[in-house]
Amino acid sequence: MEVDGRGELDEEADNILPSTLKLYETQFFGFTPQTCMLRVYSAFQDSLYDILPVVEKVCVRQLSKGESSEAEELLRSRARECSRKLQQFLEERFKQLSKRMEALLSGRCFSVPTNVLLPEDQLHKTYPQHIQEVLRLESSLADLQRAYEAEVCARQALLAELEEQREVQKQLDGILTWVKELQAAWVKEGNGSFHESFRLVMESVKKLQDAVGEVCNKAV
């Protein structure tokens, strides 16, 4: 009997139409009036299944005092049948009452007035925006996000190039320092004009490179 009753309860829960659900009330309270009544109905059934067997045993024990075992068994069978009929009667009556209670709960208890808003919806009342305006703002935000990402990439590229320029500048400074030291040593030794001597050395190096190139070509 318990399995059949709960099966009917589950079937009733599955048969709730979406059109009968009050979505805003559900969002406000966290449950629907139908769900509330189903839980009350389920609790009533559980209590009924627990109480009836106890009442049945007490009645059989009190009425079977001094009776034979056959009479006690017959009394137990009749008590079981009476319990089953009483259970069906109470379930049918409570189901009828639950429908009325559900209507009252939906209309008077679990109904949100039109002038009441959820806390998360207060912002929409304060700053009403048309859907097209919202879409436009979202598109603008997406464009700004892409532009920001492009700026970040360009900044990273500029920083990398600046780091390369710093390395090159560091190498050039080292070369200039070496040239100045060489020039100072040249003058100190009394070898005449450094610039003229450096020009002659570079010409000699170029001639040497040309001679090496000619030798390599002849060897090939």
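Presented here is a report on the structure given in the accompanying data block. (Residues numbered from 1 in each chain as written. Predicted model: local features only at pLDDT ≥ 70, side-chain atom pairs only at ≥ 80, totals over all residues. Heavy atoms only, no water.)

Quick notes on the environment of S111
Turning to step 1, where the next piece is worked out: Position of S111 relative to the elements: it lies in the loop between helix 4 (69-109) and helix 5 (122-126).
Turning to step 2, where the next piece is worked out: Using a relative accessible area of 31% as the deciding quantity, one classes S111 as partly exposed. (Helix = DSSP H or I, 4+ residues; strand = E, 2+ residues; numbered from the N terminus. Buried < 20%, exposed > 50% of the residue type's maximum accessible area, 1.4 Å probe, protein only.)

Comments concerning the side chain of E91
Turning to step 1, where the next piece is worked out: On the secondary structure map, E91 appears in helix 4.
Turning to step 2, where the next piece is worked out: In this structure the side chain of E91 is engaged in a polar contact, spanning 3.2 Å, whose partner is the side chain of Y49.
Turning to step 3, where the next piece is worked out: Once you skip the residues sitting within four places of it in the chain, E91 turns out to touch Y41, F44, Q45, L48 and Y49. (Polar contact = N/O pair within 3.5 Å; in protein donor to acceptor, adjacent residues only side chain to side chain. Contact = heavy atoms within 4.5 Å.)

A closer look at the pattern of salt bridges
Turning to step 1, where the next piece is worked out: Scanning the model with the defined rule gives 4 salt bridges in all.
Turning to step 2, where the next piece is worked out: Across the pair E73 and R76 runs a salt bridge whose closest N-O atoms are separated by 3.0 Å. Of the two residues, E73 and R76 are both situated in helix 4; the distance of 3 residues between them amounts to about one turn of the helix.
Turning to step 3, where the next piece is worked out: Exposure remark for E73: the relative accessible area of 46% places this residue in the partly exposed category.
Turning to step 4, where the next piece is worked out: The salt bridge partner of E163 is R166, with a shortest N-O separation of 3.7 Å. Separated by 3 residues within a single helix, E163 and R166 lie in helix 6 (residues 131-188), roughly one turn from each other.
Turning to step 5, where the next piece is worked out: E163 sits in the partly exposed class, given a relative accessible area of 40%. (Salt bridge = Lys/Arg side-chain N within 4 Å of Asp/Glu carboxyl O.)

Here's the deal with helix 3 (residues 33-63)
Turning to step 1, where the next piece is worked out: With 31 residues, helix 3 ought to run about 45 Å at 1.5 Å a step, and its terminal C-alpha atoms sit 44 Å apart, in line with that.
Turning to step 2, where the next piece is worked out: Here helix 3 has its buried residues at P33, Q34, M37, L38, Y41, Q45, L48, Y49, L52, E56 and V60. (Expected span 1.5 Å × (residues − 1).)

Overview of the packing of helix 3 against helix 4
Turning to step 1, where the next piece is worked out: Running from N to C, helix 3 and helix 4 cross one another at 160°; their axes reach a closest spacing of 9 Å. In terms of orientation, helix 3 and helix 4 fall into the roughly antiparallel class. Crossing handedness for the pair helix 3 and helix 4: right-handed. (Axes fitted to C-alpha atoms, helices over the stretch in contact; angles between N-to-C directions. Parallel < 35°, antiparallel > 145°, perpendicular 65-115°, else oblique. Left-handed = near helix turned anticlockwise from the far one by under 90°.)

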